[in-house]
Amino acid sequence: MHAYSYCSSPGISLKSFTSQTSSQRVKPGWISIQANINNNGRFNYSYEGGSSRADWQSSCPILSSNADSQHQGTEENSGGGEIITTLNGHKRLDLIAVDKRPKPLTIADLSPPPMHGSNLRVAYQGVPGAYSEAAAGKSYPNCEAIPCDQFEVAFQAVELWLADRAVLPVENSLGGSIHRNYDLLLRHRLHIVGEVQLPVHHCLLALPGVRKEFLNRVISHPQALSQCEQTLTKLGLKVAREAVDDTAGAAEFIAANNLRDTAAIASARAADLYGLDILADGIQDDSSNVTRFVMLAREPIIPRTDRPFKTSIVFAAQDKGTSVLFKVLSAFAFRNISLTKIESRPHRNRPIRIVDDANVGTAKHFEYMYYVDFEASMADVRAQNALAEVQEFTSFLRVLGSYPMDMTPWSPSPGD
Ligand SMILES: O=C(O)C(=O)C[C@]1(C(=O)O)C=C[C@@H](O)C=C1
């Protein structure tokens, strides 16, 4: 039933990147990484973890090299120059520790990692069974999907080289934009290197034996709740709705706490993973329910013109003039470049501008950051000229990425 062959990793949580006390809860199978900057301005990592911490550390070169200095394991020289560390009786080969001398760069260091290669570590928000995990698998088949407890953590995981890519939702055909990710795109320096559209087929899940009449509440991600609002009412479920971090997390929570009065909106895969029954299938309000995800990387890809590309930009208008937005949009229209999305968010550094006009009086203007997606590659001279023109009317302009459009055909799931 599940088309993707990704594998899940132990996850990363926000406390990984903030100050932390030793009493903090650690999810089973997750690693908690505390990153501090030391006196030399370098990162130090320390670890608390669930059962698979050692596996995770040994699969991650950054972690395994740092872990060596923190754990009181014993070391042997295997005779071949490698160091074998013994940790809790388990032997492990530490490639990083083998040879600390700088190595010459090879051609392999200079080429980007394979787009669909194996072992690409892809961070997503949520727990296994979340739609974001499926999007990671669709974007990078055979990747190692790394669950993160918040969107921000997925950004940081890539920035700190704990993951190679992040795959994050930006908009849904029914629920609209996921604003948090628009704000984070601006705050972080990652590049959009691709997009993927995922049909989202929701199910109502409950513990085995539970019937709809027993339910007092339905829990899920706020987007999923809004995508199923009308259907829940049609099913006669006049129960409380509660928002949680992700859809699969809602299913996991019901199973872990044996909640017989609560249902979750989540995927069929989440039902499988957490041992829940499907009370209703395909409960999204529209069968063509699609979420668009973007793939993020530390480096941009080189834009091309031999296939359809999309470019995402963000800009702020200059202080003076009210027709800036019109002028910016005209720069694309005159060059026959179609816009596929426009979104405005508060300008966090300067949310309000006081405008004094001797004739009209004083007004408070809200200031925005505008996000625009347009259908052209940055290698296309029309896009370059349009942006040169846009720059004249804006106080800030950043290209978030120029990347191949997702042209994969999809159809509503059978039974919708
Ligand atoms: O909760 C999940 O399963 C997610 O992957 C998050 C998310 C979202 O943020 O929009 C992704 C796809 C669906 O639209 C519902 C929820």
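Residues numbered from 1 in each chain as written. Predicted model: local features only at pLDDT ≥ 70, side-chain atom pairs only at ≥ 80, totals over all residues. Heavy atoms only, no water.

**Q** Before we move on, could you go through the overall build of the protein and cite the residues and values that matter?
**A** Along the protein, the regular secondary structure elements total 13 helices and 23 strands. Burial status across the protein gives 48% buried among its 416 residues. Summarising the internal contacts of the protein: among those between residues at least 6 apart in sequence, 71% fall at separations of at least 24. Element-wise, carbon and sulfur atoms account for 52% of the exposed surface of the protein, whose accessible area totals about 20800 Å². (Helix = DSSP H or I, 4+ residues; strand = E, 2+ residues; numbered from the N terminus. Buried < 20%, exposed > 50% of the residue type's maximum accessible area, 1.4 Å probe, protein only. Contact = heavy atoms within 4.5 Å. Areas by Shrake-Rupley, 256 points an atom, 1.4 Å probe, with all protein chains shown as cover.)

**Q** Which residues make up the UniProt feature "domain: Prephenate dehydratase" (unreviewed entry) in the protein, and what values go with them?
**A** UniProt annotation of "domain: Prephenate dehydratase" (unreviewed entry) refers to residues 121-298 when read in the numbering used here. For residues 121-298, the end-to-end C-alpha separation is 13 Å, with 32% helix and 33% strand making up the annotated structure. (UniProt positions renumbered as here; feature names shortened; annotations may be inferred.)

**Q** Report on a nonpolar patch on the surface, specifying residues and quantitative values.
**A** A cluster of nonpolar side chains, contributed by I352, I354, F366 and Y368, occupies part of the molecular surface with about 400 Å² of accessible area. By the secondary structure assignment, I354 is in strand β20 (residues 352-357). (Patch = residues over 30% accessible without salt bridge, like charges linked within 9 Å, V, L, I, M, F, W, Y side chains within 5 Å. Salt bridge = Lys/Arg side-chain N within 4 Å of Asp/Glu carboxyl O.)

**Q** Hey, could you go over the packing of helix α12 (residues 324-333) against helix α13 (residues 381-393) for me, with residue numbers and the actual values?
**A** Two elements in contact, α12 and α13, have axes whose closest approach is 8 Å; the angle formed by their N-to-C orientations is 170 degrees. Overall, the two elements α12 and α13 adopt an arrangement that is roughly antiparallel. Contacts between α12 and α13 involve V324, K327, V328, A331 and F332 on the former and, on the latter, A386, L387, E389, V390 and F393. Grouping the constituent residues of the contact of α12 with α13 by class yields eight nonpolar, no polar and two charged. (Axes fitted to C-alpha atoms, helices over the stretch in contact; angles between N-to-C directions. Parallel < 35°, antiparallel > 145°, perpendicular 65-115°, else oblique. Nonpolar A, V, L, I, M, F, W, Y, C, P; charged D, E, K, R; others polar.)

**Q** Before we move on, can you summarise the packing of helix α6 (residues 151-159) against helix α7 (residues 179-187) with the specific residues and values?
**A** One way to put it is that α6 packs onto α7 with a least axis distance of 10 Å and a crossing angle of 30 degrees. As summarised for this structure, α6 and α7 are arranged roughly parallel, according to the angle between their axes. You can see that α6 and α7 cross each other, and the crossing is right-handed. Within the contact between the two elements, α6 uses F151, E152 and F155 and α7 uses R180, N181, L184, L185 and R187. Of the residues contributing to the contact of α6 with α7, the split by class is four nonpolar, one polar and three charged. (Left-handed = near helix turned anticlockwise from the far one by under 90°.)

**Q** Could you give an account of the site of the ligand, with specific residues and numbers?
**A** Near the ligand lie 13 residues; those nearest to it are Y131, S132, Q227, T247 and T291. The contact in question runs from an oxygen atom of the ligand to an N or O atom on the side chain of H221, over 3.2 Å. Note that an oxygen atom of the ligand is positioned 2.5 Å from one of the side-chain N or O atoms of T247. Within the complex, 100% of the 360 Å² of free accessible area of the ligand lies under protein. Of all the elements in the fold, those that place two or more residues in the shell around the ligand are α5 (131-139), β9 (165-172), α8 (222-227) and β17 (290-297). Grouping the constituent residues of the shell around the ligand by class yields five nonpolar, seven polar and one charged. (Near = heavy atom within 4 Å. Polar contact = N/O pair within 3.5 Å; in protein donor to acceptor, adjacent residues only side chain to side chain.)

**Q** I'd like to hear about the sheet that holds strand β13 (residues 217-220), residue by residue, with values.
**A** Here five strands make up an open sheet; going across it, the order is β14-β13-β15-β12-β16 and the pairing mixed. Where the open sheet ends on each side, the last strands, each with one partner, are β14 (240-243) and β16 (277-281). Ignoring which end each strand starts from, the neighbouring axes of this sheet average 30 degrees apart. As defined by bridge partners, β13 adjoins β14 across four bridges and the pair is classed as parallel. The partner of S220 across the bridge, within β14, is A243. Sheet strands touched by helix α10 (residues 247-257): β12 (203-206), β13 and β15 (262-266). Its angle to β15, the strand with the most contacts, is close to 150 degrees. (Pairing = 2+ DSSP bridges.)

**Q** Can you break down unusual backbone geometry residue by residue, with the values?
**A** In most cases, non-glycine residues show a negative phi, while peptide bonds are predominantly trans. Positive phi outside glycine occurs at W161, with the angle close to 65 degrees. Locating W161 in the fold gives a position in the loop between α6 and β9. Unlike most non-glycine residues, N258 shows phi in positive territory, near 50 degrees. The residue N258 is located in the loop between α10 and β15 in this model.

**Q** Describe the packing of aromatic side chains, listing the residues and the values that go with them.
**A** All told, the structure shown has four aromatic pairs when counted by the stated rule. Taking 6.0 Å as the distance between ring centres and 50 degrees as the angle between the ring planes, the aromatic pair formed by Y368 and Y370 counts as tilted. Looking at Y368, the relative accessible area reads 32%, which means it is partly exposed. Seen from the ring of W161, R298 lies directly overhead, with NZ or CZ sitting 3.6 Å from the centre. (Phe/Tyr/Trp six-rings, centres within 6.5 Å; stacked < 30°, edge-to-face > 60°. Lys NZ or Arg CZ within 6 Å of the ring centre and 35° of its normal.)

**Q** I'd like a rundown of the side chain of D380, residues and numbers included.
**A** Mapping D380 onto the fold places it in the loop between β22 (368-374) and α13. A polar contact is formed between the side chain of D380 and the side chain of R382, at a distance of 2.8 Å.

**Q** Go over the nonpolar core with me, naming the residues and quoting the values.
**A** Among the nonpolar cores identified, the biggest contains 35 residues, and L204, L205, V218, L232 and I265 are the most heavily contacted of them. Listing elements by their share of this core, those giving two or more residues are β12, β13, α8, α10, β15 and α11 (268-274). When near neighbours in sequence (up to four residues on either side) are disregarded, L232 contacts L204, V218, L237, R241, I265 and I283. (Core = buried A, V, L, I, M, F, W, Y, C linked by side-chain atoms within 4.5 Å.)

**Q** Run through the pairing of β17, naming residues and quoting values.
**A** For β17, the tally of buried residues reaches eight of eight residues, placing the bulk of the element in the interior. Residues V290, R292, V294 and L296 line one face of β17 and the alternating positions T291, F293, M295 and A297 line the opposite face, and both faces are buried. As defined by bridge partners, β9 adjoins β17 across six bridges and the pair is classed as antiparallel. Its bridge partner lying in β17, P169 is registered against F293. When strand β11 (residues 191-199) meets β17, the two strands line up antiparallel, connected through eight bridges. The residue of β17 that forms the bridge with H191 is A297.

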